[in-house]
Amino acid sequence: MHRLSQRAKQTPPSGIRRFFELADEMDDIISLGVGEPDFSAPWAARSAAIDALERGETSYTANRGRSDLRANIAGHVEQYGLEYDPDEEILVTAGASEAIDLAMRALVDPGETVAVPKPSYISYAPSVTFAGGEVRSVPTRAETDFTLTYDDLVAANASEASALVLCYPNNPTGAVMTRDELADVATFVREHDLFVLSDEIYSALRYDDEHVSIATLPGMRERTLVFSGFSKAYAMTGMRLGYALGPQDVIDAMNRIHQYTMLSAPTTAQAAAMEAINSCEPAVEKMRQAFDRRRRFVISRFNELDMDCFEAKGAFYVFPKCPPGWENDEEFAEALIHEERVALVPGRVFGDGGEGHLRVSYASGMDDLKAALTRIESFLESHPTSASLDAVDMV
């Protein structure tokens, strides 16, 4: 056996991937587990990538990313009230995931603690571990629609952390936070001198109101990194392009690490991203409207099936409870995939607070969503709960 590092040995395999692998082995499967739009990237963005290749633009770009792309990103985020210097405060990365990893390594010393609200995207905690830090879980609750509250932070002793991760709109729950709710979190952050890592990759996919970034609140710009990218809203997942916005000294530190690891973000993807910002917003809006229709349908169907589903208002996920009699979300998902060929992700994969829930992506097409919900209904009919059996006995 090779001698592996403790960090590598202690890193668990992705709980999401296990269900993807099960699905890959089956025929007639409908997967509602993957967080990837069923749309292709807008044609204008794809055409720009093709044109760049035909012009022979296959060399490295500047480490920070193309200067014209950074200028476009700076203009793009102004719609959220964010203002950043494209030369000093923006870094283009190989997906938002690389940006988050760079930030952890730039900000976290061995032994320091990072507060991570749960349930949350599965990569945050390993990124803290890889940087040598320790994770402080901050459970959020279904009773407050999985928003993060001041009291949640107090209860988890998050004041002992040096940094706090945020992800709203949220993966896996679809939860969003209002300006007032974020203001309470910002108060805690300022009181205890935390730095915030705010993953806003789903900022364009909000259905009730405009996205609010915590970096726009008083006293927060200087203590916040904002992450976003082109994977979700522009359906450019495979192009692997993201960016970080933040204070110059932090962006400089991240870029130094980036220089030794990734060197620069993919050149062809940067060409596509330029065009995406310049001309693809109408396509993004059409996709957002399609997601919204799917969202409303899926929430309605789960509630009809007695799988309590709060009104997720962002991203493209809902987070219903398992039906009565199925308290173990992993057992439910396992039985469903084998009996009805529908793949969902158990909520426990996403950490504290996720148990008893299921992450369901409505990034799939409406036909698949309708068929999947019909199969789930059939599954529930063939597995009557103890509560429903008691009701029958009483009659």
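In this text, all values refer to a predicted model and were calculated from it rather than measured experimentally.

Further remarks concern the overall build of the protein. Scanning the protein from N- to C-terminus turns up 14 helices and 12 strands. Counting only C-alpha atoms and orienting by the principal axes, one finds that the protein spans roughly 75 × 55 × 50 Å. Sorting the 395 residues of the protein into buried and exposed places 54% on the buried side. Of the contacts formed within the protein by residues at least 6 apart in sequence, a portion of 75% connects residues at least 24 apart. Here the protein displays about 17,100 Å² of accessible surface, and carbon together with sulfur accounts for 47% of that area.

Where helix H12 (residues 329–340) meets helix H13 (residues 366–382), the axes come as close as 10 Å, and the angle between the chain directions of the two elements is 105 degrees. Classified by the interaxial angle, the pair formed by H12 and H13 is roughly perpendicular. Contacts between H12 and H13 involve Phe332, Ala335, Leu336, Glu339 and Glu340 from the former and Arg375, Ile376, Ser378, Phe379 and Leu380 from the latter. Of the residues that constitute the contact of H12 with H13, the class distribution is six nonpolar, one polar and three charged.

A rise of 1.5 Å per residue sets the reference length of helix H11 (residues 281–304), with its 24 residues, at 34 Å; its end C-alpha atoms lie 35 Å apart and thus fit the reference within 8%. Looking at H11, one finds that the buried residues are Val284, Met287, Arg288, Ala290, Phe291, Asp292, Arg294, Arg295, Val298, Ile299, Arg301 and Phe302. The secondary structure elements touched by the buried residues of H11 are strand S9 (317–318), strand S12 (358–361) and H13.

Turning to the pairing of strand S5 (residues 163–167), a few remarks are in order. Along a regular strand, successive side chains alternate from one face of the sheet to the other. With respect to burial, S5 is a largely interior element, five of its five residues being buried. Side chains Ala163, Val165 and Cys167 of S5 all project onto a buried face; the interleaved residues Leu164 and Leu166 project onto the opposite face, where all are buried too. Strand direction decides the pairing type here: S5 and strand S6 (residues 195–199), joined by five bridges, are parallel. Bridge assignment links Leu164 to a residue of S6, and that residue is Val196. Regarding topology, helix H8 (residues 179–191) serves as the crossover connection from S5 to the parallel S6, and that connection is right-handed.

Following the sequence through the fold, Glu98 ends up in helix H5 (residues 95–107). For the buried Glu98, no salt bridge is present, and the opposite-charge side chain at shortest range is Arg105, 6.2 Å distant. If sequence neighbours within four positions are ignored, Glu98 has contacts with Thr93, His258, Thr261 and Met262.

Next up on the list: the sheet that holds strand S2 (residues 90–93). Consider a sheet: its strands pair through backbone hydrogen bonds, and that pairing is either parallel or antiparallel. Ordered in space as S2-S8-S7-S6-S5-S3-S4, the seven strands form an open sheet in which the pairing is mixed. Edge positions in the open sheet fall to S2 and strand S4 (134–139), since each of these has one partner strand only. Across the sheet, the mean angle separating the axes of adjacent strands is 20 degrees when strand polarity is ignored. Sheet contacts for helix H9 (residues 248–261): S2, S6, strand S7 (224–229) and strand S8 (242–245); angle to S2, the most-contacted strand, approximately 30 degrees.

Bringing the nonpolar core into the picture now. Ranked by size, the top nonpolar core spans 67 residues in total, and within it Phe332 and Ile376 carry the most contacts. Elements supplying a minimum of two residues to this core: S5, H8, H11, S9, H12, S12 and H13. Membership of the second largest hydrophobic core comes to 30 residues, among which are Ile73, Val77, Ala269 and Cys280.

The next subject is the pattern of salt bridges. When charged atoms on two side chains of opposite charge get close, those side chains can pair. Applying the stated rule across the entire model yields 19 salt bridges. Between Asp87 and Arg70 there is a salt bridge, and its shortest N-O distance comes to 3.9 Å. Placement of the pair is Asp87 in the loop between helix H4 (67–76) and S2 and Arg70 in helix H4, with a sequence separation of 17 residues. Judged by its relative accessible area of 47%, Asp87 is partly exposed. Of the charged contacts, one joins Arg295 and Glu311 as a salt bridge, the two residues approaching to 3.7 Å between their closest N and O atoms. Placement of the pair is Arg295 in helix H11 and Glu311 in the loop between H11 and S9, with a sequence separation of 16 residues.

Attention now goes to unusual backbone geometry. In this chain, Lys118 is followed by Pro119 through a cis amide linkage whose omega measures -5 degrees. Within the element layout of this structure, Pro119 appears in the loop between strand S3 (113–118) and helix H6 (124–130). Cis geometry is found at the peptide bond from Tyr168 to Pro169, where omega equals -5 degrees. With respect to the element layout, Pro169 can be found in the loop between S5 and H8. Residue Ala235 is not a glycine yet carries a positive backbone phi of 55 degrees. Looking at the element boundaries, Ala235 is found in the loop between S7 and S8.

Quick notes on the rules
- Residues numbered from 1 in each chain as written.
- Predicted model: local features only at pLDDT ≥ 70, side-chain atom pairs only at ≥ 80, totals over all residues.
- Heavy atoms only, no water.
- Helix = DSSP H or I, 4+ residues; strand = E, 2+ residues; numbered from the N terminus.
- Buried < 20%, exposed > 50% of the residue type's maximum accessible area, 1.4 Å probe, protein only.
- Contact = heavy atoms within 4.5 Å.
- Areas by Shrake-Rupley, 256 points an atom, 1.4 Å probe, with all protein chains shown as cover.
- Axes fitted to C-alpha atoms, helices over the stretch in contact; angles between N-to-C directions.
- Parallel < 35°, antiparallel > 145°, perpendicular 65-115°, else oblique.
- Nonpolar A, V, L, I, M, F, W, Y, C, P; charged D, E, K, R; others polar.
- Expected span 1.5 Å × (residues − 1).
- Pairing = 2+ DSSP bridges.
- Right-handed = clockwise from strand over helix to strand, strands pointing away.
- Lys, Arg positive; Asp, Glu negative; His and termini not counted.
- Salt bridge = Lys/Arg side-chain N within 4 Å of Asp/Glu carboxyl O.
- Core = buried A, V, L, I, M, F, W, Y, C linked by side-chain atoms within 4.5 Å.

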